[in-house]
Amino acid sequence: MLTLSSPSIHILKLCVGCDSVEALADWQKQRIAAGHALIHTTRQTPRRDGFGEGSSLYWVMGGFVRVRQRIVALHEIRGADGIMRCGFELDPQLVPTEPVPRRAFQGWRYLPASEAPRDLIAGATVEEGAMPPEMRAALAELALI
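Let me sum up the structure you'll find in this document. Since the model is a prediction, treat every value here as computed from it, not as a measurement.

### Overview of helix α1 (residues 21–33)
Here is step 1 of the chain: Helix length check: α1, at 13 residues, gives a terminal C-alpha distance of 18 Å against a target of 18 Å (1.5 Å per residue), a fit within 8%.
Here is step 2 of the chain: Along α1, the residues classified as buried are Val-21, Leu-24, Ala-25 and Gln-28. Mapping the buried residues of α1 onto a view down its axis gives an arc of 100 degrees, with all of them on the same face. Seen from the open side of α1, the exposed residues pointing more than 90 degrees away from its buried face are Gln-30 and Ala-33.
Here is step 3 of the chain: On its buried face, α1 is in contact with β3 (56–61), β4 (64–78) and β5 (84–90).
Here is step 4 of the chain: One or two steps after α1, the chain reaches Gly-35, where phi turns positive at roughly 85 degrees.

### Comments concerning the pattern of salt bridges
Here is step 1 of the chain: In total, this model carries five salt bridges according to the counting rule given.
Here is step 2 of the chain: Of the charged contacts, one joins Arg-68 and Asp-119 as a salt bridge, the two residues approaching to 2.8 Å between their closest N and O atoms. Here Arg-68 is found in strand β4, whereas its partner Asp-119 is found in the loop between β7 (108–111) and α2 (133–141), with 51 residues between them in sequence.
Here is step 3 of the chain: Residue classification places Asp-119 among the partly exposed positions, given a relative accessible area of 35%.
Here is step 4 of the chain: For Arg-85, the salt bridge is made with Asp-81, and the minimal N-O distance between the two is 3.0 Å.
Here is step 5 of the chain: Judged by relative accessible area, which is 21%, Arg-85 ranks as partly exposed.
Here is step 6 of the chain: Looking at Asp-81, the relative accessible area reads 47%, which means it is partly exposed.

About the cut-offs
- Residues numbered from 1 in each chain as written.
- Predicted model: local features only at pLDDT ≥ 70, side-chain atom pairs only at ≥ 80, totals over all residues.
- Heavy atoms only, no water.
- Helix = DSSP H or I, 4+ residues; strand = E, 2+ residues; numbered from the N terminus.
- Expected span 1.5 Å × (residues − 1).
- Buried < 20%, exposed > 50% of the residue type's maximum accessible area, 1.4 Å probe, protein only.
- Arc of directions from axis to C-beta.
- Contact = heavy atoms within 4.5 Å.
- Salt bridge = Lys/Arg side-chain N within 4 Å of Asp/Glu carboxyl O.

Rendered as structure tokens:
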């Protein structure tokens, strides 16, 4: 296991296979119930110094950053092919964020703290379907939301 220091660095990742926060939560609950740790494995290991207890993985769903999970630890994982990979061990708590538009990309990206979306107010939920994603994207592109 790689150790975490005190500062925080955030990661941005597409949530492939889940199109809503609820779908991600259900999938992760099933993994936990089956006795699996919440570890997201990637091909590339982050090289920047500063992963700390405040570091989070921000999930992009349907073209928007929608939710984040705190990164608990980084693990070195050897794949069946013998190649070393990085595993982001995630806190099971999903924290809804303000929806921020993001275009598709491959792999993961560093997310500067200054660009990280704010958490929604405690107890608030993301209203799936309150506004179609295409409409929200168009309004965001016009800087109306």
